[in-house]
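# Coordinates in review
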Amino acid sequence: MAEDIILETRGLRKEFKGFVAVGDVSLKVRRGRIHALIGPNGAGKTTCFNLLTHFLSPTRGQIFYNGRQITGSSPAAIARLGLVRSFQISAVFPHLTVLENVRIALQRKRGRSFDFWRTDRSLRHLNSRARELLDAVGLSAFEESIAVELPYGRKRALEIATTLALDPEMMLLDEPTAGMAHADVERIAALIRRVAANRTVLMVEHNLGVVENLSDQITVLSRGEIIAEGDYRSVSAHPEVIKAYLGSEHA
Amino acid sequence: MSAVHELAPRAGGFAHQRIAAAVMIAFFALAPLVAYPVFLMKVMCFALFACAFNLLIGYGGLLSFGHAMFLGTAGYASAHAAKVWGFPPEFAILFGTACSALLGLVTGLLAIRRQGIYFAMITLALAQMVYFFYLQAPFTGGEDGIQAVPRGKLFGLLDLDSVWAMYALVFAVFVGGFLLIHRAVHSPFGQVLKAIRENEARALSLGYDVNRYKLLAYVLSATLAGLAGATKVLVFELASLTDAHWTMSGEVVLMVLLGGLGTVFGPVVGALIIISMENYLAQIGSWVTVVQGVIFVICVLTFRRGVIGELGRLIGKPL
């Protein structure tokens, strides 16, 4: 049992007024892996995701990060521990420039930015690192653009650059390729593979091609419960999974 | 809110803003040669009040509907300190400002927990509570207010009964407050504040404790609104319920919307327009309110970015 578990949930449960969105999910994510969370619509993937990042608080259950219990911490505190999430809808700061978007994340490492008396020129030393990150996601040419003006795929790339700016130990990506054109999907998938080289990634993803291509480990949720776990081949052959995705008549 | 966003400053190149700031400062330095100084002092006090309000809504995205409580509190506190306790003017102003800062901290801790319209409603409710306290408390003089507040001698030297000395003080307070707000907007703190306005959940997910940043913005805004209120009391030698009334909270919203929400100079222009109307249209009495209402409707319907917002768009640079 030499498994190095970075994130673990025990009996995680979330009820919304009696409706069980996530029921007793016990999940283990191994360090350095790309772990995908999949399942049909309404399976509780995003709820699960929000529980892990503490944007929702669980009805029951515990969450451990690096062996430390983090249940009940604030979302900002979770992020500072190195567990950083993305969002299903692209989460950029729409009316800041592309460079400023990334710089906001870099600025976090200064600690608390309550210094309202200091000029923002004191942030200029972060620009070179911000440019490196933009370069890594292919956005160098857009640094002066206002984020809202970027096409959708590039917004997602900017979002990943912003997340990377925090150099998180673990990234949680909520449908990183949702709503993307085919060419963009491939670029983002390549990017995820590259940034996952020295960190752990947990992602919710609908695009099974991307899941097959990227993930080392897959957990399948259906109706709030884990129905299968394993690599793509074993999971895709699992009768419960086929049933959940295609309906009972195919089982 | 879209008006704010479209004017979010782009990186680099603020030369035109420096020029505009120089023009504004020159205007207030030279205007008393041709216009009534007390009127201009009133404009500057309200301009600072509006700038403080704009810091909160324009850059923090928080609509307070109770900012009169800070204007009024600082006014009563400094008037009481100057008249009853015999504070010199500089300490009276500081005391009044500090009282508003403290009120900002207490009300901010309560209000900041809610967003949008709920935030506005809580600030309104708190401001009403403060208003009724001032209405009932004996030291405020109720409907009469605190009258004949002595201006005193600034630093024991400069007799503020001279209109020029008083004008110089108000000018210095206004310019200082304006520059401080400008700095706050263009500071590391201002960057985080804008990020929170743009996408609060994302700022949270990057590890920023957004409520603390909002609270600081709120307290800063309250403090500067207080500075405006305390200074205004010395100008008019009067602290009255008008400053704490909810209509005052509405008036500052009007000034900022008319001038341009989230712009640097909009609140100043908005204050100038509204105070000018109140002064020069005084003979038509309560019709002023009707005229203001009509202007407000026209503003919202045809130039939603406000005077300065539209001007900035015309020249393609944020002002």
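Computed from a predicted structure; not experimentally measured. Throughout this document, residue positions are counted from 1 along each chain, in the order its sequence is written. Ligands are numbered from 1 and chains lettered from A, in the order in which they are written. Per-residue local features are limited, in this predicted model, to residues with pLDDT of at least 70; the limit for side-chain atom pairs, both in listing and counting, is 80 or more; totals at the level of whole chains, interfaces and linings are taken over all residues. Only hydrogens and water are set aside when side-chain values are computed; all heavy atoms of the structure are taken into account.

Another point: the pattern of salt bridges. By definition, a salt bridge exists where a carboxyl oxygen of Asp or Glu is found within 4 Å of a side-chain nitrogen of Lys or Arg. A complete count under the given rule lists 19 salt bridges over all chains for this structure. Taking the shortest distance from any N to any O, the salt bridge between Arg-31 of chain A and Asp-4 of chain A comes out at 2.6 Å. Of the two residues, Arg-31 of chain A sits in the loop between β3 (28-30) and β4 (34-38) while Asp-4 of chain A sits in the segment before β1 (5-16), which places them 27 residues apart along the sequence. Relative accessibility decides the category of a residue: with a 1.4 Å probe and only protein chains considered, values under 20% of the type maximum give buried, values over 50% give exposed, and everything between is partly exposed. The class of Arg-31 of chain A is partly exposed, set by a relative accessible area of 33%. For Glu-200 of chain B, the salt bridge identified is with Lys-214 of chain B, shortest N-O distance 3.1 Å. Of this pair, Glu-200 of chain B sits in helix α9 (residues 200-205) while Lys-214 of chain B sits in helix α10 (residues 210-236), and the two are 14 residues apart along the sequence. A network of salt bridges, in which partner residues are shared, links Arg-13, Glu-15, Asp-24 and Arg-60 of chain A. In DSSP terms, a helix is any run of H or I states spanning at least four residues, a strand is any run of E spanning at least two, and both are numbered starting from the N terminus.

Let us now look at the interface of chain B and chain A. If you look at the interface, chain B gives 33 residues, while chain A gives 44 residues. Taken together, both faces of the contact between chain B and chain A bury some 3200 Å²; the carbon and sulfur share is 60%. Counting across the interface, chain B meets chain A through 1 salt bridge. We call two N or O atoms a polar contact when they sit within 3.5 Å, provided that within protein one can donate a hydrogen and the other can accept it, with sequence-adjacent residues counted only if both atoms are side-chain atoms. Our count for the chain B to chain A interface comes out at 16 residue pairs in polar contact (both at pLDDT 80 or more). Throughout, a residue-residue contact means that at least one pair of heavy atoms, one from each residue, lies within 4.5 Å. Defined in terms of a 1.4 Å probe, buried area is the accessible area two parts forfeit on being brought together, summed over both.

This part takes up the nonpolar core. Of all hydrophobic cores here, the largest spans 155 residues; its most connected members are Val-102 and Leu-158 of chain A together with Phe-174 and Phe-265 of chain B. Here this core takes 19 residues from helix α3 (residues 37-60) of chain B, the largest share from any one element. Those residues in contact with Val-102 of chain A, other than ones at most four positions away along the chain, are Ala-130, Leu-133, Leu-134, Leu-158, Ala-161, Thr-162 and Ala-165 of chain A. In this description, a nonpolar core means a group of buried Ala, Val, Leu, Ile, Met, Phe, Trp, Tyr and Cys residues linked to one another through side-chain atoms lying within 4.5 Å.

Once that is clear, we can look at the sheet that holds strand β7 (residues 83-85) of chain A. Pairing between the strands of a sheet is mediated by backbone hydrogen bonds and can be parallel or antiparallel. Residues and elements named next belong to chain A. We treat two strands as partners when DSSP finds at least two bridges between them. Pairing within the open sheet is mixed, and its 6 strands lie in the order β7-β8-β9-β4-β10-β11. The strands lining the two open edges of the sheet, one partner per strand, are β7 and β11 (225-230). The average undirected angle you get between the axes of adjacent strands in this sheet is 15°. Judged from the 4 bridges that link them, β4 and strand β10 (residues 217-222) form a sheet pairing that is parallel. Residue pairing across strands places Ala-36 opposite Ile-218, the latter belonging to β10. For helices, the fitted axis covers only the stretch in contact; all axes are lines through C-alpha atoms, and the angles between them, taken along N-to-C directions, range from 0 to 180 degrees.

In this section: the domain arrangement of chain B. Residues and elements named next belong to chain B. Per the annotation, domain bounds derive from an automatic or database assignment of domains. Each domain of chain B was delimited in the assignment, giving domain 1 (49-244) and domain 2 (245-319). A C-alpha centroid distance of 20 Å is found between domain 1 and domain 2. Across the boundary between the two partners, domain 1 contributes 25 residues, which contact 17 residues of domain 2. Both faces considered, domain 1 and domain 2 share a buried interface measuring about 1600 Å² in area, 76% of it formed by carbon and sulfur atoms. Broken down residue by residue, the surface that domain 1 buries against domain 2 is led by Ala-50, Asn-54 and Phe-65, which jointly contribute 27%. At the boundary of domain 1 and domain 2, one finds 0 salt bridges. Across the contact surface, domain 1 and domain 2 share 7 residue pairs in polar contact (both at pLDDT 80 or more). Broken down by element, the side of domain 1 that touches domain 2 gets its largest block of residues, 8 residues, from α3. Following the grouping adopted for this structure description, the nonpolar residues are Ala, Val, Leu, Ile, Met, Phe, Trp, Tyr, Cys and Pro, the charged ones are Asp, Glu, Lys and Arg, and the polar ones are all others, Gly among them. Of the residues belonging to the side of domain 1 that touches domain 2, the class tally is 16 nonpolar, 8 polar and 1 charged.

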